[in-house]
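Residues per chain are reported as follows:
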Amino acid sequence: MGNVQPTIVPCEDFDVTADIKAIRKACKGLGTDEEAIIQILAYRSSAQRVEIKQAYFEKYDDVSTCLSFSLSFSHTHTHTHDSHAPCYLCVTSVFAQELEEVLKKELTGSFEKAAMAMLDPPHIYFAKELRKAMKGAGTDEAVLVEILCTATNEDILSYKEAYAQVHERDLEADIEGDTSGDVRNLLTSLLQAARDEGYEVDEDLAQQDATSLFEAGEGRFGTDESTFTFILTHRNYMQLQATFKAYESLSGTDILDTIDSEATGTLKDCYVTLVRCAKNPQLYFARRLNAAMKGLGTDEDTLIRIIVGRSEIDLETVKDMYLEKYDVTLKDALDSECGGDFKRLLIEILH
């Protein structure tokens, strides 16, 4: 929203052949040249990195291995075509992972995780993060909230498509199965991608919505969540800002204070995220980065999700907000909280 700046832009003198040779060289022999890998990953756009992955597969996959693999695979695999012919889908689905497999062998820990995140197009990466948040025992609702409550309509549609493509599952059905009550209603509402994304402000509507929010919250015993959910998931950000202003005039209370006293748990996190994003999305991400580095231990998955995920959207602006809010640069914060190649990669992404 407004004038936001990324840190990663497409490399102007991009040479895919030179890049795959450099990566190949960095991974050959004893030890790994991590710096060479970092310099490529952090200075190429996502589309260029996907191109590198594809070119690497085409140049360095061992054709004979592919062929023998696909022939042996055909004995255990049901084909809809001549079972003696190599199945193109099987071969590419296994060997398209080539560059990932090479880097997985060479890299470790959070550095490996961040590198893997950078080899996927953003919508695929976020679809994988959503699945990871719902797999196994318990649901990491904080991740669902961070990804879905900050997404544009276009993002939501691309996540749904990527989720079906990668996991052969329906995102909406999984969210419905893994959440409950008001949180499920809110996330399902967001998945409809029905937010007005214009910049028009209707002052009368702002007054009307502010009154509805007041009556749904402070104005009565108990909170009518459906009113909050509808307004926060459907109105455009400028409209919401006008509504919050009208709300404060009407009630004498900041909307965040009302949410704090009226809502609890994940639902409260959803509302706070939606309000903060309507006010200033980049400040929301700065706060989230700070929270990931506070206290004991560092939430490295969140650092990866935001720094990699926002790098081509608004990370430069997130850096500005971080400095303004915390009086320390994001680079210095990462420098003191992270280590090794992981830290070097994140700092290079910050440029």
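Residues numbered from 1 in each chain as written. Predicted model: local features only at pLDDT ≥ 70, side-chain atom pairs only at ≥ 80, totals over all residues. Heavy atoms only, no water.

**Examining the overall build of the protein chain**
Counting its regular elements, the protein chain contains 22 helices and 0 strands. When burial is assessed residue by residue, the protein chain has 49% of its 351 residues classed as buried. Partitioning the intrachain contacts of the protein chain with sequence separation of at least 6 by distance along the chain shows that 73% fall at a separation of at least 24. Summed over its atoms, the accessible surface of the protein chain is roughly 17100 Å², and 50% of this surface lies on carbon and sulfur atoms. (Helix = DSSP H or I, 4+ residues; strand = E, 2+ residues; numbered from the N terminus. Buried < 20%, exposed > 50% of the residue type's maximum accessible area, 1.4 Å probe, protein only. Contact = heavy atoms within 4.5 Å. Areas by Shrake-Rupley, 256 points an atom, 1.4 Å probe, with all protein chains shown as cover.)

**A closer look at the environment of Arg-131**
In this fold, Arg-131 is placed in helix α8 (residues 122-134). Separated by 35 residues in sequence, Arg-131 and Val-166 place their C-alpha atoms 9.8 Å apart. Residue contacts for Arg-131: discarding those within four places in its chain leaves Tyr-163, His-167, Arg-169 and Asp-174.

**Details of the confidence of the model for the protein chain**
Summing up the model confidence of the protein chain, the mean pLDDT is 90 and the portion of residues at 70 or higher is 87%. Considering only residues more than four positions removed or in separate chains, one finds that residues 63-97, a stretch of pLDDT under 50, has 24 contacts. (pLDDT = per-residue confidence, 0-100.)

**Some thoughts on empty space enclosed by the protein**
All chains considered together, the criterion is met by 1 cavity of 30 Å³ or more. The wall of the largest cavity is formed by Leu-148, Ala-151, Thr-152, Asn-153, Ile-156, Ser-189, Leu-190, Ala-193, Ala-194, Arg-195, Glu-197 and Thr-233. Secondary-structure elements contributing two or more residues to the lining of the largest cavity are α10 (153-167) and α12 (181-191). Split into classes, the residues belonging to the lining of the largest cavity amount to 6 nonpolar, 4 polar and 2 charged. (1 Å grid on protein atoms, 1.4 Å probe; cavity = no way out; pocket = protein on both sides within 12 Å on 5 of 7 lines; lining within 4 Å. Points joined across faces, edges and corners; volume = space filled by probe spheres on them. Nonpolar A, V, L, I, M, F, W, Y, C, P; charged D, E, K, R; others polar.)

**Comments concerning the packing of helix α16 (residues 255-262) against helix α17 (residues 265-279)**
One can describe the packing of α16 onto α17 by two numbers: an axis separation of 9 Å at closest approach and a directional angle of 175°. When the interaxial angle is binned, α16 and α17 end up roughly antiparallel. Facing α16, whose interface residues are Ile-255, Leu-256, Ile-259 and Asp-260, α17 presents Lys-268, Tyr-271, Val-272, Val-275, Arg-276 and Lys-279. When its residues are assigned to classes, the contact of α16 with α17 shows 6 nonpolar, no polar and 4 charged. (Axes fitted to C-alpha atoms, helices over the stretch in contact; angles between N-to-C directions. Parallel < 35°, antiparallel > 145°, perpendicular 65-115°, else oblique.)

**Re unusual backbone geometry**
One non-glycine residue with positive phi stands out, namely Ala-193, at about 50°. The residue Ala-193 is located in the loop between α12 and α13 (203-216) in this model. Even without being a glycine, Asp-327 presents a positive backbone phi close to 60°. With relative accessibility at 72%, the residue Asp-327 sits in the exposed group.

**Side note on helix α18 (residues 281-293)**
The periodicity of an α-helix, 3.6 residues per turn, causes residues three or four places apart in sequence to face the same way. Helix length check: α18 (13 residues) gives 19 Å between terminal C-alpha atoms against 18 Å at 1.5 Å per residue, within 8%. Burial of α18 is extensive: 10 of the 13 residues sit out of reach of the surface. Looking only at α18, the buried set comprises Pro-281, Gln-282, Tyr-284, Phe-285, Ala-286, Arg-288, Leu-289, Asn-290, Ala-292 and Met-293. Elements in contact with the buried residues of α18: α9 (141-148), α15 (237-251), α17, α19 (300-310), α20 (315-326) and α21 (330-337). Measuring from the backbone nitrogen of Gln-282 back to the side-chain oxygen at the start of α18 gives 3.2 Å, which picks out Asn-280 as the cap. Two residues or fewer past α18, Gly-295 is found with a positive phi of approximately 70°. (Expected span 1.5 Å × (residues − 1). Polar contact = N/O pair within 3.5 Å; in protein donor to acceptor, adjacent residues only side chain to side chain.)

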